[in-house]
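Listed below, chain by chain, are the residues.
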Amino acid sequence: MKNSLGAAALGFQHLLAMYAGAVLVPLIVGDALGLTPEQLTYLVAIDILLCGVATILQIVNNRFFGIGLPVVLGCTFTAVGPMIAIGAEFGISAIYGSILASGLFVVLISGFFGSLVRFFPPVVTGSVVTIIGITLIPVAINNMGGGQGASDFGSMTNIALSFGTLLFIILVYRFATGFMKAISILLGLIAGTVAAIIMGIVDFTAIKDASYFHMVEPFYFGAPTFEWPAILTMCLVAMVSLVESTGTYFALSDITEKKLTEKDLSKGYRAEGLAIVLGGIFNSFPYTTFSQNVGLIQMSGVKSRKIILITGLMLIALGFLPKVAAATTIIPTAVLGGAMIAMFGMVIAQGIKMLSKIISGSQENSMIIACSVGLGLGVTVVPELFAQLPSSIQILTSNGIVAGSVTAIVLNIVFNMLPSKRKQQVRVSVTKSAANHS
């Protein structure tokens, strides 16, 4: 009995560590798409449920899928900006069409993605992550003011709530340690919402109207539609997520002392692809490994997959309870905005961290970063720049994230892959010259 309670407590701890990340994505995307409270409640509930399903797909270890490591999956933040952009341009059905297509794409390439990783070194993935983080900041700033088009946009109430939430998160992050530090975003959201309740500006209607139990249904938001620019965007996001997941797999492999083979990696990628496909079918999101849970495993020293299985089952159970999902939808937009600054800022920080290791050692890498980040941000701010180009070319230019990503991939090939033989010849000639002089 004691062991069971202890395992449940450890599983719940993992749930808390990833919960803010799990619910923020549907709240941000749903708010940007103008969903009704009922639709938003469903979106949060199905996302929580599929986080659990995706996690269980990954921790099993059969012949076809599953990395077999204590890994927790949640929606990737790198998909937030692209999904909002796709929804604004093509509608919500195109979001799910592109998620479905990208999931199938990941399943198809899972067997040989290991050989494609060389096209996604840190200079490419770091640039992409940085671009995505930068393009998300305007969404956070709009929410800090109360939401784009809000009648009370920029009011003192909204400013006080958003900056108060951000300050609370910063203080927790600065002075707390261990697990409390790991859930600083979640604590900030709770504190901001409590402050808003005291101020009397929280509407509890969504919780009252939500049922106690519901069944999930495929294609809740309608049949998916397929747009090439959207599909290409989500496939790029999926490949960047796979590269990030690879890093997480090896980190967990090191912690658990389990050696990973190429076959193990392929099964891990395939499980991630299946999770993305399910996200497309049930109108949820693309899923990837959550690094905050890796930190928690390292802190606690508990490496058992059984604990993560408990976390997955808890998430699935919560996904069937709309009232729990509705409780997250009452978080005021300004409070969300304050938390989003911290979370999206961390996405940029992660990108910079990836780039800092390689930027000082190579002028070529500096040029790749300069052009890809500059073009990605520029196209996001001025999307009409390429409006006169043929529609077939606009697939690559209409979205800043795609434009920046493709630029980074192409320039990496040009600078770091094509001239490699010439560089080797130069090194050989320099070595010979030095030998002759000596």
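Residues numbered from 1 in each chain as written. Predicted model: local features only at pLDDT ≥ 70, side-chain atom pairs only at ≥ 80, totals over all residues. Heavy atoms only, no water.

Rules: UniProt positions are given in the numbering used here, feature names are shortened, and annotations may be inferred rather than shown by experiment.
An unreviewed UniProt entry lists the chain under the name Nucleobase:cation symporter-2 family protein, with Planococcus shixiaomingii given as the organism. For the chain, the Sequence similarities (unreviewed entry) comment in UniProt is given as "Belongs to the nucleobase:cation symporter-2 (NCS2) (TC 2.A.40) family." Among the UniProt annotations of the chain, the heading Subcellular location (unreviewed entry) holds the following wording: "Cell membrane".

### Points about the state of the cysteines
This is how it is decided: A pair of cysteine sulfur atoms is labelled a disulfide when the two atoms are within 2.5 Å.
For the structure shown, the criterion picks out zero disulfides. The structure places no disulfide on C235, whose sulfur is separated from the nearest cysteine sulfur, that of C75, by 16 Å.

### Side note on the packing of aromatic side chains
Rules: Any pair of Phe, Tyr and Trp rings, taking the six-membered ring for Trp, is counted once the centres come within 6.5 Å. Such a pair is stacked with planes under 30 degrees apart, edge-to-face with planes over 60 apart, and tilted for the rest. In this description a helix means any DSSP run of H or I spanning at least four residues, a strand means any run of E spanning at least two, and both kinds are numbered starting from the N terminus. Classification of residues uses two cut-offs on accessible area relative to the type maximum, computed with a 1.4 Å probe and protein chains only: under 20% is buried, over 50% is exposed, and between them is partly exposed. Charge over a ring is defined by NZ of Lys or CZ of Arg lying within 6 Å of the ring centre and within 35 degrees of the ring normal.
Counting across every chain of the model gives seven aromatic pairs. Ring geometry for Y249 against Y269: centres 6.2 Å apart, planes inclined by 40 degrees, an arrangement best described as tilted. Of the two residues, Y249 sits in helix 11 (residues 228–256) while Y269 sits in helix 12 (residues 262–281), which places them 20 residues apart along the sequence. Comparing Y249 with Y269, the two get one shared label, buried. Taken together, the aromatic side chains of Y42, Y96, Y220 and F221 make up a single cluster linked through ring pairs. Sitting over the face of the ring of Y173, K181 holds its NZ or CZ atom 4.8 Å from the ring centroid. Positioned over the ring face of Y212 is K323, at 4.7 Å from the centre of the ring.

### Re helix 9 (residues 184–198)
Note the threshold: Take the residue count of a helix, subtract one, and multiply by 1.5 Å to get its expected span.
For helix 9, which comprises 15 residues, the first-to-last C-alpha distance of 21 Å matches the rise-based estimate of 21 Å (1.5 Å per residue) to within 8%. A positive backbone phi angle near 75 degrees is found at G200, which sits one or two residues after helix 9.

### Comments concerning unusual backbone geometry
At F219, a residue that is not glycine, the phi angle is positive and equals roughly 50 degrees. Tracing the backbone through its elements, the reader meets F219 in the loop between helix 10 (205–209) and helix 11. Positive phi is not limited to glycine here, since E257 has a value of about 60 degrees. Among the secondary structure elements, E257 is positioned in the loop between helix 11 and helix 12. What makes E257 exposed here is its relative accessible area of 71%.

### Focus on the packing of helix 7 (residues 156–175) against helix 16 (residues 333–359)
Applied cut-off: In this analysis, axes come from line fits to C-alpha atoms, helices being fitted only over the stretch in contact, and the angle between any two N-to-C directions falls in the range 0 to 180 degrees. Roughly parallel here means an angle under 35 degrees, roughly antiparallel means over 145, roughly perpendicular means 65 to 115, and every remaining angle is called oblique. Left-handed is the label given to a crossing in which the near helix is rotated counterclockwise from the far helix by less than a right angle, and right-handed is the label when the rotation is clockwise. Contacts are assigned to residue pairs that have any heavy atoms within 4.5 Å of one another. Under the convention adopted here, Pro, Cys and the residues Ala, Val, Leu, Ile, Met, Phe, Trp and Tyr are nonpolar, Asp, Glu, Lys and Arg are charged, and Gly plus all remaining residues are polar.
In the contact formed by helix 7 and helix 16, the axes pass within 7 Å of each other and the chain directions differ by 45 degrees. Considering their axes alone, helix 7 and helix 16 lie oblique with respect to each other. In this structure, helix 7 meets helix 16 at a crossing whose hand is right-handed. Of the residues in helix 16, those touching helix 7 at N158, L161, S162, T165, L166, I169 and Y173 are A334, V335, G338, A339, I341, A342 and M346. Here the contact of helix 7 with helix 16 is composed, by residue class, of ten nonpolar, four polar and no charged.

### Describing empty space enclosed by the protein
To find leftover empty space, one rolls a probe the size of a water molecule over the atoms. The test is simple: Space inside and on the surface of the protein is sampled on a 1 Å grid over the protein atoms alone, with a cavity defined as a set of points where a 1.4 Å probe fits but cannot get out and a pocket as an open set with protein on both sides within 12 Å along at least 5 of 7 lines; lining residues have an atom within 4 Å of a point. Grid points are joined across faces, edges and corners, and a volume is the space filled by probe spheres set on the points.
Taken as a whole and assessed by the stated rule, the structure comprises two cavities of 30 Å³ or more. Elements with a contribution of two residues or more to the lining of the second largest cavity: helix 5 (113–116) and helix 12. If you tally residues by element for the lining of the second largest cavity, the top one is helix 12, at four residues. A per-class count over the lining of the second largest cavity returns four nonpolar, four polar and one charged.

### Remarks on the environment of Y220
Positionally, Y220 belongs in the loop between helix 10 and helix 11. Distance from Y220 to F168, taken between C-alpha atoms, is 37 Å for residues 52 residues apart in sequence. In contact with Y220, other than residues within four places in its own chain, are E38, Q39, Y42 and N283.

### Here we look at the nonpolar core
Applied cut-off: Take the buried Ala, Val, Leu, Ile, Met, Phe, Trp, Tyr and Cys residues and link them wherever side-chain atoms come within 4.5 Å; each set so joined is a nonpolar core.
Formed by 116 residues in total, the largest nonpolar core has its most connected members in F77, V80, M83, I185, L189 and F344. Ranked by residue count, the leading element in this core is helix 2 (residues 37–59), at 14 residues.

### Focus on the layout of surface pockets
Its volume calculated, the second largest pocket comes out at about 790 Å³. Residue lining of the second largest pocket: 30 residues in total, with I84, A85, A88, T135 and V139 positioned closest to the centre. Listing elements by their share of the lining of the second largest pocket, those giving two or more residues are helix 1 (2–32), helix 3 (80–90), helix 6 (122–144), helix 17 (363–381) and helix 19 (400–417). Looking at which element gives the most residues to the lining of the second largest pocket, the answer is helix 6, with seven residues. Partitioned by chemical class, the residues of the lining of the second largest pocket number 17 nonpolar, eleven polar and two charged.

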